[in-house]
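What the coordinates show
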Amino acid sequence: QVQLVESGGGLVQAGGSLRLSCAASGRTFSNYHMGWFRQAPGKEREFVAGISWSGGRTYYRDSVKGRFTISRDNAKNTVYLQMDSLKLEDAAVYYCAARIDSRFGVYYYTAGQYDYWGQGTQVTVSS
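Scope of this entry: the structure provided in the associated data block.

Criteria and cut-off values
- Residues numbered from 1 in each chain as written.
- Predicted model: local features only at pLDDT ≥ 70, side-chain atom pairs only at ≥ 80, totals over all residues.
- Heavy atoms only, no water.
- Helix = DSSP H or I, 4+ residues; strand = E, 2+ residues; numbered from the N terminus.
- Contact = heavy atoms within 4.5 Å.
- Pairing = 2+ DSSP bridges.
- Salt bridge = Lys/Arg side-chain N within 4 Å of Asp/Glu carboxyl O.
- Buried < 20%, exposed > 50% of the residue type's maximum accessible area, 1.4 Å probe, protein only.

**Comments concerning the environment of V5**
- Take V5: it is sitting in strand β1 (residues 3-7).
- Among all residues touching V5, those that are not within four sequence positions of it are S21, C22, A23 and Q119.

**Some points on the pairing of strand β3 (residues 18-25)**
- Here β1 runs beside β3; their pairing, made up of 5 bridges, is antiparallel. Bridge pairing links V5 to A23 in β3.

**Quick look at the pattern of salt bridges**
- Counted under the stated rule, the structure contains 7 salt bridges.
- Here R38 makes a salt bridge to E46, at a shortest N to O gap of 2.6 Å.
- Of the charged contacts, one joins R67 and D90 as a salt bridge, the two residues approaching to 2.7 Å between their closest N and O atoms. Here D90 lies in the loop between β8 (78-83) and β9 (92-100) and R67 lies in the loop between β6 (58-60) and β7 (68-73), a separation of 23 residues in the sequence.
- We classify R67 as buried; its relative accessible area is 10%.
- In the salt-bridge network here, residues are joined through shared partners; they are R38, E46, R61, R67 and D90.

Quick look at the structure:
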């Protein structure tokens, strides 16, 4: 079993920054492919960013490219999402997700491809 706990959400003005963290426990973190998703009220959960088990490959949804950065520290069992130049439309509950997969060259864009989820952290963006 894998446990994921997000933190770092909060209220920020448009144009500001937040850094989300997701701490993992339960199994060897370096075997996990990690992702961040978000869900706004009345909308489906959507992919935000993903990172390979080694951290060597990262990928993003188009609307956050150049503003968000996903990274991981396998020694700390933690994945991060640095969010800069936040926009009103970035407001949502952000979820961390894990998939047990240490292969190279794979990408996972849909929620159903991930095995474990955190409880979410709220990000609110004010004008």
